[in-house]
Amino acid sequence: MSPAEHDAPDTSHCPLCGQANQCAIVAGLPPESCWCMNEPVSREALARVPEEQRGKACICPACARPAPASD
Ligand SMILES: [Zn+2]
């Protein structure tokens, strides 16, 4: 049990699927080096992020990808 688990929201994982979001900021790298600066991020995916995580935790590249038109 780590004490940080309760306080700080987990910003290193995708709020949608729980995978590592590979966010450069979380890794201590410049924001402009983040994948999200080079890849389109689906607005639908962002809209699915829970209110309390919005603007805090990034989603992962897989979830950011616009959903394919198939079922
Ligand atoms: Zn994800």
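Right above here is the structure, for reference.
Residues numbered from 1 in each chain as written. Predicted model: local features only at pLDDT ≥ 70, side-chain atom pairs only at ≥ 80, totals over all residues.

Colleague: Looking at this structure, how should I read the overall build of the protein?
Modeller: Assigned secondary structure in the protein consists of three helices and zero strands. What you see in the protein, going N to C, is helices and strands ordered as α-α-α. Counting all 71 residues of the protein, 15% fall into the buried class. Across the protein, every contact between residues at least 6 apart in sequence was considered, and the portion connecting residues at least 24 apart equals 58%. (Helix = DSSP H or I, 4+ residues; strand = E, 2+ residues; numbered from the N terminus. Buried ≥ 20, exposed ≤ 12 C-beta atoms within 10 Å, placed from the backbone. Contact = placed C-beta atoms within 7 Å.)

Colleague: Help me understand the nonpolar core, please; the structure alone is not making it clear to me.
Modeller: One recurring pattern in soluble globular proteins is that nonpolar side chains are buried together. By size, the foremost hydrophobic cluster in this structure holds eight residues: C14, C23, A57, C58, I59, C60, C63 and A64. Leaving out residues up to four positions away in the same chain, C14 has contacts with Q19, N21, I59, C60 and C63. (Core = buried A, V, L, I, M, F, W, Y, C linked by C-beta atoms within 7 Å.)

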